Every structure is written in C-alpha cells, then in structure tokens.
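Observations on chain architecture
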Amino acid sequence: MDFQLSDDQRALRAGVRELLAGRFGRDRMRAALDAGTGVDRALWRELGEAGFFALRLPEAAGGVGLGLPEAVLLFEEAGRALLPGPLIASHLAAGSVKGAAQGGTVVAVLDAGQPVAHLGEADALLVLAPGNAPRASGGTLRDAAPVRDAAGPVRSIDPFTPLWRVTDPVAAGEPLPRGERLRDEGALLAAAEQLGSAARTTEMAVQHAGEREQFGSPIGSFQAVKHLCAGMLVRAELARCAVYAAAVTADPVEIAGAKLLADDAAVRNARDCLQVHGGMGFTWEADVHLHLKRAWLRSGQWLTAAAAEEVLAGDLC
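The rules we used
Residues numbered from 1 in each chain as written. Predicted model: local features only at pLDDT ≥ 70, side-chain atom pairs only at ≥ 80, totals over all residues. Heavy atoms only, no water. Helix = DSSP H or I, 4+ residues; strand = E, 2+ residues; numbered from the N terminus. Buried < 20%, exposed > 50% of the residue type's maximum accessible area, 1.4 Å probe, protein only. Contact = heavy atoms within 4.5 Å. Areas by Shrake-Rupley, 256 points an atom, 1.4 Å probe, with all protein chains shown as cover. Lys, Arg positive; Asp, Glu negative; His and termini not counted. Charge placed at Lys NZ, Arg CZ, Asp CG, Glu CD. Phe/Tyr/Trp six-rings, centres within 6.5 Å; stacked < 30°, edge-to-face > 60°. Salt bridge = Lys/Arg side-chain N within 4 Å of Asp/Glu carboxyl O. Axes fitted to C-alpha atoms, helices over the stretch in contact; angles between N-to-C directions. Parallel < 35°, antiparallel > 145°, perpendicular 65-115°, else oblique. Left-handed = near helix turned anticlockwise from the far one by under 90°.

1. Overview of the overall build of the protein chain
A count of helical and extended segments in the protein chain gives 11 helices and nine strands. Each principal axis of the C-alpha atoms in the protein chain carries an extent, and together these give about 65 × 50 × 40 Å. Counting only residues that meet the buried cut, the protein chain has 49% of its 317 residues in that class. The long-range share in the protein chain, meaning contacts at least 24 apart out of those at least 6 apart in sequence, stands at 68%. Here the protein chain displays about 14600 Å² of accessible surface, and carbon together with sulfur accounts for 55% of that area. Between the mean site of the 31 positive side-chain charges and the mean site of the 39 negative ones, the protein chain shows a separation of 4 Å.

2. Description of the packing of aromatic side chains
Enumeration over the complete set of coordinates arrives at four aromatic pairs. Ring geometry for Phe24 against Phe160: centres 6.3 Å apart, planes inclined by 65°, an arrangement best described as edge-to-face. Residue Phe24 is located in the loop between helix H1 (7–23) and helix H2 (26–35), and its partner Phe160 is located in the loop between strand S5 (152–154) and strand S6 (163–165); the two are separated by 136 residues in the primary sequence. In terms of burial, Phe24 and Phe160 fall into one category: buried. Ring centres of Phe52 and Phe53 lie 5.5 Å apart, and the angle between their planes is 70°; this geometry places the pair in the edge-to-face category. An aromatic cluster of at least three residues, connected via ring pairs, comprises Trp44, Phe52, Phe53 and Phe75.

3. Digging into the pattern of salt bridges
In total, this model carries 19 salt bridges according to the counting rule given. For Asp184, the salt bridge identified is with Arg181, shortest N-O distance 3.5 Å. Through salt bridges with shared partners, one network takes in Arg17, Glu77, Arg80, Arg200 and Glu203.

4. Looking at the side chain of Thr105
Inspection of the secondary structure assignment puts Thr105 in the loop between helix H5 (87–93) and strand S1 (107–111). Residue class for Thr105 comes out buried when judged on its relative accessible area of 13%. With sequence-adjacent residues up to four places away left out, Thr105 is seen in contact with Trp44, Ser90, Val97, Lys98, Gly99, Ala100 and Asp123.

5. Some details on the environment of Leu261
Mapped onto the fold, Leu261 is located in helix H9 (residues 252–277). Separated by 191 residues in sequence, Leu261 and Glu70 place their C-alpha atoms 20 Å apart. Among residues more than four places away in sequence, those in contact with Leu261 are Leu238, Ala239 and Ala242.

6. A look at the packing of helix H4 (residues 68–81) against helix H7 (residues 182–211)
Their axes nearest at 7 Å, the elements H4 and H7 cross at an angle of 45°. Accordingly, the angle class assigned to the pair H4 and H7 is oblique. Judged by the twist between their axes, the crossing of H4 over H7 is right-handed. Residue-level contacts link Leu68, Ala71, Val72, Phe75, Glu76, Ala78, Gly79 and Arg80 of H4 to Leu188, Leu189, Ala192, Glu193, Leu195, Gly196, Ser197, Ala199, Arg200 and Glu203 of H7.

Structure (structure tokens):
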C-alpha cells in the first residue's frame, strides 16, 4: 500500500499554506497578538469560502467531498501557522449548524470539566458526551448565548485562546449525526495541528542554528545542538507517520496513539526549539513561546494523555 501523498493532496496542502501565509503570516499574526484578537470573522469567512470547514461534506450538500486524510493536511497547516479559533468544532459541525460550512457561524466545543475556548465569540456549542460515557451517546448542539451568560472568563496560558469556565451543568441539545465519532475525529484533527506545530518548531530551530554564530562558527555545527535538532526531526516524523496512518484507518486505538505521539512531539519540540534559541527564545518577540503555549493547551483538549493511554491499554486486554 502506498502512503505517499497524491498530487492532489500535495496541491491541497500547498494551497492552504499559501492562503494562510497571505492571510495570517507572521506580521498579521503578531498584529492580532498585540490587539488581543481572537476569531477574525473576515478570515473565518474566507476559510469557509476556501472549503476549510466543508471539506468533508458531500458535493451535493455544498461541500468538497474529500475525506479525513485531506482534513488532516489542512489542520496540519493550521497548526504550523498558529491559526487561532475553534477550527475543529466548526469543521465537525459543518452541515449540522447553519452557516458553519461557509464560515458565517463559529462553533466552539464544550467538554465537561474543561474550560471552553472562544466561548465569548461562539455562536453555537458542540457539547461532547463525557469521556467515560458510552461511545454511542456522541455529542449535541446548543446555542452558545445561554451558556456564556452563566460562565466566566479564566486566565489562559495561550494569548490566542481565551478560556471560559462553565460551572453549571449544560442540558442536552440537538443530537449530531455520527456523534459517536466526534471525539475521535476531533482528537485526530488536534493531533494534526500538533504535528504542524512540531514540524514548524523544528524548522525554526534549524534555521536559527544555521544563522546564529558563536566562537566564529554557526551553533548548528556544535554536536549538542545537532542532537537537539535531530531529536526534534525524529519526533515530528514519528508523529507524522502515526497521524497519517490514523487518518486512513480512522481506528480509535490508532487515533489515541497518534494523539499521544503528536502531543509529545509538539511540546518537546517547542521546548528544544526554545533551548536552541537560547536566551532570545524566552522573549516575547520570539515566536517559540507561542508554539509551546498552544501545544500545552491542545494536549489537554479532545483526548488527554491519560484518556489516550486508557484506550491503548484497553486494546491490549
């Protein structure tokens, strides 16, 4: 079996990278950071027009008609670009929430016991069943306004991801079709974002190691730095294999393994990238800390390490 990307898949990935570079390049990303902007509605609609949210909807329903492997490629690019917003929930809700597929409606995710990201900007909520509930219980849709009125903002480690604490129980809403797959597919797309971040921090570390000189030589010529960069590449490529394979099989066990590997790669690669950058890596002006903070936050979303380990352990029994 050939797991190489097809020409169409490569073109899709290149097109999304070009779109995000033009609409959310570093200058605009930094401007959004300074302004405290969360969801850019104009960019959200442009993503909708490009088919980001409707990618897996049938063409008869106004979608692109592609599958989970192609969605993984899109979210990998979103992770590289540090694109903010509840992208995964809006993608999963496309076709069920009016306007979500076109980027006119922002859908956030509510997972019991977890802070809700972007609740202040959300129009609707995708409410996940508890992690220990039967898989068939799936998820439901709720209007975001009543939940937001009873919630309060909390401090977020990621400046691009405002968080809200929901303390009151949220009543069940309208059931979603194929709801039993929501958590698995959300976890896989989160793993794809983590993969994109891990690959990007590897590139950042290698670039800096080739440009920064010490004792008259690029620091990339020093063995200790070489080992750091090599380890980053190994983690990123191992995660890539797992994420791409899970996208093909859509197997819950493989998705759990992919999320574990991608979370580890994103967090550890950001840490090592910071180490390669030295004292400059700790400054607000460097982008390294943004990848690290987002990786920390994403590792606790959709499928935590403990829950993924339980899935893998259960498969051994």
